[in-house]
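# Chains, contacts and geometry: an overview
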Amino acid sequence: MGRLVARRLTQALATIFVVVTIAFALGRLSGSPAALLLGDNASREQIDALNASLGFDQPLWKQYIDYLVGIVTRGDFGDSYRQRGVPSMQLVLERVPASLHLGAVGLVAGVLLAGVAAVAVHLTRSSGLRTALLTVGSARQAVPDFFFGLLLVLVFSVALGLLPSLGNRDPLAIVMPAATIATAQFVVYLRLLDNSLGEQSRLDYSRTAYARGESRFSVVVSELLPNALLPVLTIAGISLGSFLGGLVIVENVFAWPGLGQLMLSAVYARDFPVVQSGLIVVAALFILSNALVDVVSALVDPRVRRLA
Amino acid sequence: GGSDAGSTSAPQNLTIGVVAEPEKSPDPIIDGSLAGYNIYYNLFDQLTVLDADGAIQPSLATSWTPNDDFTQWTFTLRDDVKFQDGEPLTAADVVFTYETVLHTPDSDNLGYMDMLESVSAPDDHTVVFDLDSSFSPWPSITTAQSIVPEKVYTALGSEGFAAAPVGSGPFSFVSWNRGVDYVLKRNDDYWGGAPKIDTLTFQTVSDEEARLNGVISGSLDVALISPNQVTSAEGSGVDVRSRAANGTTFLGINSTAGPLADERIRQAVWHAIDREALVKTVLSGRAVANDQIIAANVAGYVSDATGPGYDPAAAKALLTAAGYTGEAIPLEYATSGRIPMSAEVAQAIAGYLEAVGITVTLSGMDQSTLSSRIYSTVDMKGLYLNTWAPSTMDGDMPATNLFAGGQNDYAKSPETAALVAKQRTVAGDDRIAVFRALAEANFQGAYIVPLFTPEADYAVSPKVTWTPRVDGLFDLSDAAFTG
Amino acid sequence: MSTSEPVLEIEDLHVRFTRRSGWRGRHVVDAVDGVSLTLHRGETLGLVGESGCGKSTLVRTVFGLNTPASGDIRILGTRLADLSALGQRRLRNRVQLVFQDPYSSLDPRLSVHDIVAEPLTIVGRYSKDRVVELLESVGIGAETLRRTPAQFSGGQRQRIGIARALALDPEVLVLDEPVSALDVSVQAQVINLLQDLQRERQLSYLFIAHDLSVVRHLSDRVAVMRQGRIVEIGERDQIFERPSHEYTRTLLAAIPIPDPHLRADAPPAPRPALTRTNRGTS
Amino acid sequence: MTKHSAPSAATLPAASAVTTPVAPAPDTAARFVWPRLRPTEWAGVGILAVVAAFILIVPILPGSDPYAQDLSASFIRPFTDGSHLLGTDMLGRDLASRLAVGGQVSLGIVLFVVAINAFVGMVMGMIAGYAGGRLDNLLMGWADVQLAMPIILVLIALSAALGPNVWLMILTLAATYWVGYARVARSTAMSLKGRDFVIAPRIQGATPQWIVSTHIAPHVGVQVLILASADIGGVLLLTSSFDYLGLGVQAPTPSWGLLISEGQKYVREAPHLALIPGVAIFLVVIGVNLLSQRFTAERELSTLRRRKKVRS
Amino acid sequence: MTREVLLRVDDLVVGTRDGEGREVRLVDGVSFEIAEGEVLCVVGESGSGKSLTMAAVLGLLPTGVEVLSGRVEYRGEDLLGASERRLRELRGRRLAMIFQDPMTALNPVKRVGAQIARAVRLHGDRMTRAEGDRRAAELLASVGVPDAAARARAYPHQWSGGMRQRAVIAAAIAHDPDLLVADEPTTALDVTIQAQIMELLAEARQRTGAAMALITHDLGLVAQTADRIVIMYSGRIVESGSVWELFDTPRHPYTAGLLASLLTAESASGRAYAIPGSPPQPAARPAGCPFAPRCELPTKSERCRTDVPALRAMAPGHTSACHHADSVSSFAQEVTR
Ligand SMILES: Nc1ncnc2c1ncn2[C@@H]1O[C@H](COP(=O)(O)OP(=O)(O)OP(=O)(O)O)[C@@H](O)[C@H]1O
Ligand SMILES: Nc1ncnc2c1ncn2[C@@H]1O[C@H](COP(=O)(O)OP(=O)(O)OP(=O)(O)O)[C@@H](O)[C@H]1O
Ligand SMILES: [Mg+2]
Ligand SMILES: [Mg+2]
């Protein structure tokens, strides 16, 4: 156990290290942002002065070392270029709750929906229902999120006036962005769960359960589902990174003040410390949630528990 | 939103959807972004102020006088102004504000004040600016700088002040939720009379569709929209209020390299574009074709100067004369940012240029990338789409930037530089004469091809009384909800 | 009986695996724990033992798929460890393997021809005639050369596997449970084929199984393995009729005898059961 | 699938057993035979065929020019003008031509990206899976990094640094997306590695190159092919979002994502501008989904299982 | 010998559809009876339809496979027409089933004891949780699991294959069923464990008086346990009868071949008989006798290729589906030499 935790930790640190390096490199690719930060009227001297104060006059390797040293010794990920004196990490962390809130609500809703649908398919054993659900789900998935979100707004905010179209101040504001995410994730998890359930139902223990007189409902829900969820959970963990990336678009459509919006504006404003910290946080979230997935798997599956 | 604030007793909460939050932390000493100015105009006062039509009016200063060669300006201050913490605003605060800007290298406002040598306060109500060169439009510069309380600012520092600012303006600070909103409330003690709005919220909504939908669905009360959205906004029962803006959108030209070094080819570009058609279709008529780099409502516009017109035949002739052989000319533009419909405008222009036989390589990029390329002076190889809008409503700044060695000045023509320098030393009709000469120099040299002055369009809840300002800033001291 | 020269000798072979398990640490499995065996030319040595006792591990080690912790393997009298990699490979080719599962031991994407031709191609001795000859020697007709394994039944696949093993003219065949995946009615076909081949080619077999009746049918000598060790080794009849080790006796007692008349509740037989006449004393 | 008629028993030599063709073994890595299509899968084929016909035929029709602008003929509604069947956009360009060329561009990019990634991923994954050890650790480590860094954020940062262009998008995708294929290839290679039919040539002296190319590549290829075909829809959506954000294809070259993002500005007055390319994306994605639905989840699940097994 | 009929299967046809939607009969007209307390062994090659037949009886056919016709009666009650509710009541209480692979027969995420307790409480009218657990431990102890109460708290993966099969049996006999269907219960186990499990089953039957349908390929097991035998080939019953009759005087060449191909020491000198060829796929069943292509009966005739032989009574309780059943004895004698 100790060994495993240590190994996972090293792995996580290595991943973070590479992410930090890539993030740093991405920031330096375009050279100094000083002129941009100062705007249309800046003079050469002003630009040079700013360059010096940002450390851009140092050789690249030194900037990199300083950056790493700052992180390791002081937990200092660099101040924002734009928000004076504000640590970039603070800016990023301020936005994490909003993104997590939206992401979690959307993902959980999508998975729940898929779970109910998959269970329904297996309870009724209806291939017609399966085809119908998969087709509807695929159809939704085939509409790009940015377009689907816009359609939701046009219908529910503009035409019907039922839901707020933007922001996160109104508690109802989460409905549409979360629905955009949930419906997009629905078919992904429906497909997985349906297959996973199908696979489990071919294993002998499900026949054993039927043979002892269990109802179809209790076989599907209490015998097969916990087993079927395990691989789905792991896949959910793996795809979390790209999922977080996809949030950028939804946040943009609904003006949801999350990490994605921040990253987008930070990149456009060349606020590289914020971009770097954002990438690091996303990577950390990814690693963390995968660890969480492992813990949950271990809780559900005694075999994993033993291996872990 | 606050559209529920119909009756007199209900609180009047007004929410404005803004494109972005201040680019830097919202400290008027260092931040000069448009988004920042929107806040500062409501939270602070300036020495002078622009009225809705762009004319300079007294504010903290009741009067001002230059010396003969415009190198020294003396401002007299009101004596009844209090900061929102109850402390009086004195000349010392003004001096402190300007000096702090002068000593803050990353201040955006520093760029406006190149010529400022020193500030002093002979007494509590007088401020004297000493400039290192003649500068006749100085009072326009003072419209841009918000005055901060010396004591508070020194106590808190820039970051602290941005987090809890104290001003003297019609609204006072309530909260700032980074990336989400910036909330102000009415300053009942405002020397100019308390505003009617109780709470004023600037909510950041970067997507223009989302802004319009926000106003339609009632989440927002006021928001900037783009020309293509006007018809649908009008059709959805919200008011559209428009105002010609203070800027000009133009094609910048690197006239030092490639085919564009040839004046005839630059002139051909000018001739090739049908500005009127462009404005009518691509911008849905929500702009005015302009041959000058200065907008009609900005000081320095010459009302009767017109440049070469749309003439594709002439353009082709010029190209033939110049021996243009179809060498590709890049046209760069920002896909999003300062210019509404920039992608469509760029494509339309490319279409016009191709029509007369110029080969164009279009490339879109984000605004920062485009700006960096313009600033660098080496990356920009051909044409680019850009705009210049002086918040001070004076033509000096665009003229300097485009014709006197600024970032957009590739030609570095001594003739234009001399004209720009000259206008600073004169005022009134004399100054307009200099600007006419400058415009004509550009008609001939085609260093910059001006296109049009856009219109700023706002979707506004019909219940809100508010009129847009010519400089695109939100001044809400008079805004109110009506039943 | 086994006085002829040894073709495969295994001496005090140890194979260990470290496995991560439990909450902490790893533990070492002695999968093969000091096994010594000698296989002589022309004989069949049966190797029996319960699942997981290390039979397959032993085989894999002979073929260089596992690295032994200690011990020696000699093929045709030469110690493998004394040879270069190439020499080892050449020598190992004298010993070939037939797998248990006829469904997974043939590449489903290759034709039968390609499967049997592969070892020949590898050593550069390919000829189509040889392929045909090999297949015919196991009873697969030349007209099926282009078919893929999916188009053959289990028994036929096992024959193809045997043809492949014979391609390099080995002296020794190691058969790791070659019939246990086959249906009863087909098992006998393969067993008969193996017997024929042994006779024709003077092959030596190391025959692994847990079906004791097959081992009894085929083997000259039998080794009983348990938990990585050989607990008893001897002539077939001695092992089956006079087992000396307790474990061997347990094994033998567990085999159900296919004769209902040996049951306690058997009625007096009107005539002897077919299977019993065959079985003689039991 | 070719059918083999079973030769009658009489024609066989006595020693040979009766060769009854038996059904393919329940073997996921079995020889790839085109599966019999279900009705939904036929629907997928039909949809894709219609789209393909449209984007291939329209651009070669006389008078079709996706770039010819005519500001006086902007915003023509679909089906109201004989020379602009699908109407025109804000610059008076023919939408049908733009849609078709946009389809060529979008689908071209998608196929290119998928093909490159599938190939690179397959090679890397096979090598890592078969060789194991350090190489494998490196690959899986890189996969973790890539999974932890959303492509879209990387691409945004890259285009900020280098200026957006199609090649940047394609290269970014090419540098990152292959990991998915590598995973599949790796796990397949790993599971094949232990299979008897791979061990057989190994003990007969085959080199690793021989084994990988003869026994592993064909199996992995099939898996990768299935995955790749299922991926087409996803990559199309992804690149469309990139185009939409201005990070991919650049105007005036049309692409479906770009057409939507341009059209979205007029979603109320001229909804067809965004809807029609939206429908095009929709059709392709759903066509591909209908066609590949059967395999995707199965594949994913089984890959995962192998991964777990190997890790434990 | 005149025990009550417990289960009667009459002309059962189980089928599915192939890729082109054609009907494929996987079990083709199977009829047999099981008397109270009797052991019936179902023997046949892989794919001959043994499992599907018994699954159909309990209403546990996999998706896509269905009963096309026929009748199944449990103590005179029609099972095929029974409500799902009634079937659930019978399953586990009156009819119990044990499957081949003990490794997958238990739910991996639930404790072994809990799974048995579940079986107990499912039909144990309002039994409390504690009672269920106690009964589960008793049952485990009764199938020879040492330290049952403690072991019950373990998960299946912590149990060996043989132990798991014991647990499955414990759950199956929880309610003293009338019929135990055991589908190759020992195929996946070592011989030594197999012997223990078979003994355990015998004990359990003795205790509960249950009849058993044992599916197997292993003729050794059959010889030791069966009262009666049903031989299946390609979805049909080719021969059935008492264990003695079938082993002594097989009346079908397939049965004779199976017996002859049993390997013994003595045949090492000579050769074992091998049935040539391999069984047909259900979709490609030959027109006449399904065994005809492999049959080596000297009297084999043209009829074998064209007419499907019906089951005929050869002796009381002994039936065979061979056109030439009479000549099988001599053939049997010959091939076993
Ligand atoms: N690669 C490996 N890593 C760890 N342990 C292994 C490995 N291969 C085999 N073992 C262990 O070594 C022991 C012997 O396994 P082996 O496969 O040789 O048994 P076997 O006698 O062939 O069994 P069976 O009859 O089931 O084939 C087992 O406990 C097995 O779990
Ligand atoms: N779910 C299913 N769908 C379609 N065909 C099936 C299904 N299950 C079994 N079959 C087919 O039905 C036939 C009989 O299968 P069954 O499982 O009853 O055979 P069996 O006699 O039990 O074989 P084994 O000894 O291998 O268990 C086989 O040909 C098999 O391929
Ligand atoms: Mg083995
Ligand atoms: Mg079966």
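Residues numbered from 1 in each chain as written. Chains lettered and ligands numbered in written order. Predicted model: local features only at pLDDT ≥ 70, side-chain atom pairs only at ≥ 80, totals over all residues. Heavy atoms only, no water.

### Section: the nonpolar core
B:Phe129, B:Trp138 and D:Trp256 are the most contacted members of the largest nonpolar core, which totals 353 residues. Counting residues per element, this core draws most heavily on helix H8 (residues 208-244) of chain D, which supplies 14 residues. If we ignore the near neighbours within four places in the chain, the residues touching D:Trp256 are D:Val51, D:Ile55, D:Leu99, D:Gly102, D:Gly103, D:Ser106, D:Leu107, D:Leu236, D:Pro277, D:Ala280, D:Ile281 and D:Val284. One finds E:Ala148, E:Leu200, E:Tyr254 and E:Ala256 within the second-largest nonpolar core, a separate group that totals 75 residues. (Core = buried A, V, L, I, M, F, W, Y, C linked by side-chain atoms within 4.5 Å. Buried < 20%, exposed > 50% of the residue type's maximum accessible area, 1.4 Å probe, protein only. Helix = DSSP H or I, 4+ residues; strand = E, 2+ residues; numbered from the N terminus. Contact = heavy atoms within 4.5 Å.)

### Details of the site of ligand 2
Residues and elements named next belong to chain E. In the vicinity of ligand 2 there are 14 residues, among which Ser46, Gly47, Lys50, Ser51 and Leu52 approach most closely. Between an oxygen atom of ligand 2 and a main-chain N or O atom of Gly47, the distance comes to 2.8 Å. Taking Gly49, its main chain carries an N or O atom lying 3.0 Å from an oxygen atom of ligand 2. Protein contacts shield 68% of the accessible area of ligand 2, which totals 630 Å² for the unbound molecule. Sort the elements by how many residues they give to the shell around ligand 2 and helix H1 (residues 50-58) lands first, with 3 residues. For the shell around ligand 2, a count of residues per class yields 5 nonpolar, 6 polar and 3 charged. (Near = heavy atom within 4 Å. Polar contact = N/O pair within 3.5 Å; in protein donor to acceptor, adjacent residues only side chain to side chain. Areas by Shrake-Rupley, 256 points an atom, 1.4 Å probe, with all protein chains shown as cover. Nonpolar A, V, L, I, M, F, W, Y, C, P; charged D, E, K, R; others polar.)

### A few points about the UniProt feature "domain: ABC transmembrane type-1" (unreviewed entry) in chain A
Mapped onto this numbering, the UniProt entry annotates "domain: ABC transmembrane type-1" (unreviewed entry) at residues 96-293 of chain A. End C-alpha to end C-alpha, residues 96-293 of chain A measures 19 Å, and it is 82% helix and 0% strand. (UniProt positions renumbered as here; feature names shortened; annotations may be inferred.)

### Notes on the side chain of B:Thr142
All names here are of chain B. Looking at the secondary structure, you find Thr142 in helix H3 (residues 138-142). Under the relative-accessibility criterion, Thr142 is labelled buried at 0%. At 2.7 Å, the side chain of Thr142 forms a polar contact with the backbone oxygen of Pro139. The residues touching Thr142, leaving out its near neighbours within four places in the chain, are Gln46, Leu47, Thr48, Phe75, Tyr98 and Phe129.

### Concerning the interface of chain C and chain E
Contact with chain C, which involves 40 residues of that partner, is made by 47 residues of chain E. With both chains or domains summed, chain C and chain E bury close to 3800 Å², and 58% of this area falls on carbon and sulfur atoms. Joining chain C to chain E, the criterion identifies 0 salt bridges. Our count for the chain C to chain E interface comes out at 10 residue pairs in polar contact (both at pLDDT 80 or more). Counting residues per element, the side of chain C that touches chain E draws most heavily on helix H6 (residues 184-201) of chain C, which supplies 9 residues. (Buried area = accessible area lost by both parts, 1.4 Å probe. Salt bridge = Lys/Arg side-chain N within 4 Å of Asp/Glu carboxyl O.)

### So, a nonpolar patch on the surface
Together, D:Leu56, D:Ile57, D:Ile60 and D:Leu61 make up a nonpolar patch on the protein surface, roughly 420 Å² of accessible area in all. Checked against the element boundaries, D:Leu61 lands in the loop between helix H1 (39-57) and helix H2 (95-131). (Patch = residues over 30% accessible without salt bridge, like charges linked within 9 Å, V, L, I, M, F, W, Y side chains within 5 Å.)

### Some points on the domain arrangement of chain E
Residues and elements named next belong to chain E. Domains assigned within chain E are domain 1 (5-226) and domain 2 (250-335). Taking only C-alpha atoms into account, the centre of domain 1 sits 30 Å from that of domain 2. Listed per partner, the contact involves 8 residues of domain 1 and 9 residues of domain 2. Interface area lost by domain 1 to domain 2 is led by Val24, Glu45 and Leu219, which between them contribute 59%. Taken together, the links from domain 1 to domain 2 amount to 2 salt bridges. Note that Asp28 is salt-bridged to Arg285, the shortest N-O span being 3.5 Å. One can count 3 residue pairs in polar contact (both at pLDDT 80 or more) joining domain 1 with domain 2. Listed by contribution, the elements that provide at least two residues to the side of domain 1 that touches domain 2 are strand S2 (23-35) and strand S3 (39-44). For the side of domain 1 that touches domain 2, the element with the most residues is S2, which contributes 4 residues. Looking at the side of domain 1 that touches domain 2, its residues break down into 4 nonpolar, 1 polar and 3 charged. (Domains from an automatic or database assignment.)

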